[in-house]
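If you want the building blocks of each chain, they are given just below.
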Amino acid sequence: MNLNEILQYYSINGQNPSCTPYGEGHINDTMLLAFGCGTSEKYVLQKINDRLFDVEKLMNNITLITDFIRAKTASRGGNPDRECLTVVKTKDGKSFVKTEDGYYRIYIFIDGVSYQVVKEPKDFYRCAEAFGRFANLLAEFDATQLFEVIPKFHDTEKRFRDFTEVLEKDVCGRAKGVRREIDFVLSRKDYCGRIISKLKNGEIPVRCTHNDTKLNNVLFDRTTDECIAVIDLDTVMPGSLCYDFGDAIRFGCNTSTEDDKDLRRVNFDINLFKTFVEGYLKAIGNGITAAETGQLAFSAILMTYECGMRFLTDYLDGDHYFRTARENHNLDRARTQFKLIEDMERLLPEMEKIVADCRK
Ligand code: ADP
Ligand code: GN1
Ligand code: MG
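Residues numbered from 1 in each chain as written. Chains lettered and ligands numbered in written order. Predicted model: local features only at pLDDT ≥ 70, side-chain atom pairs only at ≥ 80, totals over all residues. Heavy atoms only, no water.

Participant: How should the overall build of the protein be read in this particular structure?
Facilitator: Looking only at helices and strands, one finds 11 helices and nine strands in the protein. Dimensions of the protein, computed from the C-alpha atoms along their principal axes, are close to 55 × 50 × 40 Å. Long-range contacts, defined here as pairs at least 24 residues apart, represent 75% of the contacts in the protein between residues at least 6 apart. For the protein, the accessible area works out to roughly 16,100 Å², and carbon and sulfur atoms hold 48% of it. Here the protein contributes 50 positive and 57 negative side-chain charges, whose respective centroids are spaced 1 Å apart. (Helix = DSSP H or I, 4+ residues; strand = E, 2+ residues; numbered from the N terminus. Contact = heavy atoms within 4.5 Å. Areas by Shrake-Rupley, 256 points an atom, 1.4 Å probe, with all protein chains shown as cover. Lys, Arg positive; Asp, Glu negative; His and termini not counted. Charge placed at Lys NZ, Arg CZ, Asp CG, Glu CD.)

Participant: Would you explain the pattern of salt bridges in this entry?
Facilitator: Opposite charge on two side chains permits them to pair, given that their charged atoms come into close proximity. Considering all chains together, one arrives at 30 salt bridges under this definition. Arg105 serves as the salt-bridge partner of Asp234, at 3.0 Å between the closest nitrogen and oxygen. With Asp234 in the loop between strand 8 (227-230) and strand 9 (237-239) and Arg105 in strand 5 (residues 102-108), this residue pair connects regions lying 129 residues apart in the sequence. With respect to class, Asp234 is no different from Arg105; both count as buried. Residue Arg335 pairs with Glu181 through a salt bridge whose shortest N-O separation is 2.8 Å. Residue Arg335 is located in helix 11 (residues 329-359), and its partner Glu181 is located in helix 6 (residues 179-186); the two are separated by 154 residues in the primary sequence. Salt bridges here are not isolated pairs; linked through shared partners, they connect Lys72, Arg76 and Glu140. (Salt bridge = Lys/Arg side-chain N within 4 Å of Asp/Glu carboxyl O. Buried < 20%, exposed > 50% of the residue type's maximum accessible area, 1.4 Å probe, protein only.)

Participant: Sorry, what's going on with the site of ligand 1 here?
Facilitator: Taken together, 20 residues surround ligand 1, and among them Asn28, Ile110, Ser114, Asn216 and Asp232 come closest. Between Asn28 and ligand 1, the recorded distance is 2.9 Å, taken from a backbone N or O atom to an oxygen atom. Between ligand 1 and the protein, one listed contact pairs an oxygen atom with a backbone N or O atom of Asn216 at 2.7 Å. When the free accessible area of ligand 1 is taken as 540 Å², the share hidden by the protein chains comes to 97%. For the shell around ligand 1, the elements supplying multiple residues, two or more each, are strand 3 (42-47) and strand 5. Broken down by class, the residue content of the shell around ligand 1 amounts to 10 nonpolar, nine polar and one charged. Taken together, domain 1 (3-108) and domain 2 (121-359) each give at least three residues to the shell around ligand 1, which thus spans both. (Near = heavy atom within 4 Å. Polar contact = N/O pair within 3.5 Å; in protein donor to acceptor, adjacent residues only side chain to side chain. Nonpolar A, V, L, I, M, F, W, Y, C, P; charged D, E, K, R; others polar. Domains from an automatic or database assignment.)

Right, dumping it as structure tokens:
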């Protein structure tokens with residue numbers, strides 16, 4: 001990466017910045033660009049994953065969404081630079097730059113912390129409120145303006161087809177070592193169509209959703225622990241509230257990290273589930289239908305299944321999609337997801353009761 005070349009396009013004041021890897025995202029290369037110690041002297045520089053995204057279309061979406069959220073936040077008396085993701089425009093008004101080695105964008109740095117594991121239940125409650133509020137905000141956004149940047153992103157039937165294709169090819173010869181995990185996925189095939197069929201027949205509405213509602217896509221204030229902003233808007237597209245709810249549970253109700261090798265530490269925390277349900281349903285109010293609410297508990301299993309299947313697909317395919325930092329990283333990730341699914345399958349009646357009681 002040639003930092004000087006990138007910065008030539010921007011009118012950012014300051015000299016000799018430091019530029020260091022930042023955060024724990026799996027998709028883009030994220031760096032903290034610091035011209036000094038003050039918050040206003042820091043930026044987030046991202047090399048956009050152009051294997052995945054059509055960058056022109058992606059940044060068109062991001063500009064529309066962030067402009068919308070900034071305007072709403074300002075009209076409600078908030079501080080858009082702190083509470084919203086904000087793209088820094090180039091000297092000629094563009095939202096990204098293209099250099100020889102790829103595409104880059106710069107965001108205003110939001111001084112907050114993102115967690116990989118829930119530290120305190122109240123933080124997860126706040127995260128739930130933040131995603132609930134975000135859902136309400138997006139309800140007012142015209143999603144027909146957006147490109148579907150990753151088509152069929154949460155179409156679990158398609159994810160299953162991708163999985164079986166990759167399994168059949170077995171390009172790395174890894175299938176023989178993970179028969180148990182493969183059988184785990186194959187034996188749950190009937191999960192795939194349960195929500196998508198309801199979206200297709202109109203029982204569940206298609207809405208504009210975030211689609212990647214991990215705890216680490218929310219920033220918390222370092223001192224007050226309030227939720228500051230929902231970030232990582234790359235996948236904002238038409239989708240289902242069930243997916244957003246389920247994905248947040250998948251990541252946040254795990255007592256350990258998404259890639260813990262020691263599965264004894266990986267457990268589904270039903271108390272955290274209850275906490276999230278309470279925060280989410282309170283914040284979303286009547287912005288969710290009874291049909292959607294009825295699928296929330298199952299959605300947590302579905303999204304965990306889909307994500308585990310995606311990690312296993314990537315492992316079999318040679319680790320091209322999710323960033324990996326060690327051997328078998330995607331396999332370890334798949335295993336944590338499958339452990340959580342086993343827990344949730346046992347707890348499903350209790351989870352359903354929690355949702356129903358909370359809606360009374
Ligand atoms: P990925 O798509 O790879 O997950 P993200 O956009 O989520 O990339 O960024 C990765 C991490 O970088 C986030 O989890 C967060 O910790 C941090 N981050 C991203 N954008 C900002 C920002 N504008 N201000 C502060 N931190 C940020
Ligand atoms: C990726 O971008 P990031 O790290 O927030 C992925 C999600 C997965 C998640 C699993 C665009 O999220 O779909 O659920 O990893 N994002 C994309 O941790 O594929
Ligand atoms: Mg992210």
